[in-house]
Amino acid sequence: MPDPSEYELRLEAAKRGEKRYVGKPCLEHANAKRYTSNGACVECTRVRREGRHDEIRELLKRNAT
């Protein structure tokens, strides 16, 4: 039996009500955990979010002085 496709893995996770599933490994991270809602890599999302928070903090510091 062939391996299930990324779509099938995501669909099954959604049917079970899971927020995350293990799918195709990310190109940037060895992690294969992905969000069921959009298929995005959990680790990439975290890194991107932290980068935006750091950028906003820096802008607030500059404008506060």
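Our subject is the structure that appears above.
Participant: Would you mind going over the overall build of the protein chain with me for this structure?
Facilitator: Of the regular secondary structure elements, the protein chain holds two helices and two strands. If you list the helices and strands of the protein chain from N to C, you get α-β-β-α. The C-alpha atoms of the protein chain give a radius of gyration of 17 Å, which is well past the 11 Å a tight globule of 65 residues would have. Considered along the principal axes of its C-alpha atoms, the protein chain spans approximately 65 × 25 × 10 Å. Split into buried and exposed, the 65 residues of the protein chain put 18% on the buried side. Contacts spanning at least 24 positions in sequence make up 11% of the contacts within the protein chain whose residues lie at least 6 apart. Element-wise, carbon and sulfur atoms account for 55% of the exposed surface of the protein chain, whose accessible area totals about 5500 Å². Charge centroids of the protein chain, computed over 15 positive and 11 negative side chains, lie 5 Å from each other.

Participant: Can you walk me through the side chain of Thr45 in this structure?
Facilitator: Tracing the chain through its elements places Thr45 in helix H2 (residues 42–64). In terms of polar contacts, Thr45 uses its side chain to reach the backbone carbonyl oxygen of Cys41, at 2.8 Å. Apart from the residues within four sequence positions on either side, Thr45 is in contact with Tyr35 and Ala40.

Participant: Sorry if this is basic, but what is going on with the side chain of Thr36 here?
Facilitator: For Thr36, the location among the structural elements is in the loop between strand E2 (33–35) and H2. Taking relative accessible area as the criterion, Thr36 reaches 9% and is therefore assigned buried. Contact partners of Thr36, with chain neighbours within four places excluded, come to Arg10, Ala13, Ala14, Glu18, Lys19, Arg20 and Tyr21.

Participant: It is not clear to me how the pattern of salt bridges should be interpreted in this structure. Could you clarify?
Facilitator: Two side chains of opposite charge can pair, provided their charged atoms sit close to one another. Counted according to the given criterion, the structure contains seven salt bridges. Linking Glu12 and Lys15 is a salt bridge whose minimum nitrogen-to-oxygen distance equals 3.7 Å. Placement of both Glu12 and Lys15 in helix H1 (residues 6–15) is noted, with a separation of three residues, approximately one turn of the helix. On the basis of relative accessible area, Glu12 is assigned to the partly exposed category, the value being 37%. Residue Lys15 is classed as exposed on the basis of its relative accessible area of 60%. For Glu43, the salt bridge goes to Arg46, with nearest N and O atoms at 2.3 Å. Linking Glu43 with Arg46, this pair stays in helix H2, spanning three residues, or about one helical turn.

Calculation notes
Residues numbered from 1 in each chain as written. Predicted model: local features only at pLDDT ≥ 70, side-chain atom pairs only at ≥ 80, totals over all residues. Heavy atoms only, no water. Helix = DSSP H or I, 4+ residues; strand = E, 2+ residues; numbered from the N terminus. Rg over C-alpha atoms; globule rule 2.2 N^0.38 Å. Buried < 20%, exposed > 50% of the residue type's maximum accessible area, 1.4 Å probe, protein only. Contact = heavy atoms within 4.5 Å. Areas by Shrake-Rupley, 256 points an atom, 1.4 Å probe, with all protein chains shown as cover. Lys, Arg positive; Asp, Glu negative; His and termini not counted. Charge placed at Lys NZ, Arg CZ, Asp CG, Glu CD. Polar contact = N/O pair within 3.5 Å; in protein donor to acceptor, adjacent residues only side chain to side chain. Salt bridge = Lys/Arg side-chain N within 4 Å of Asp/Glu carboxyl O.

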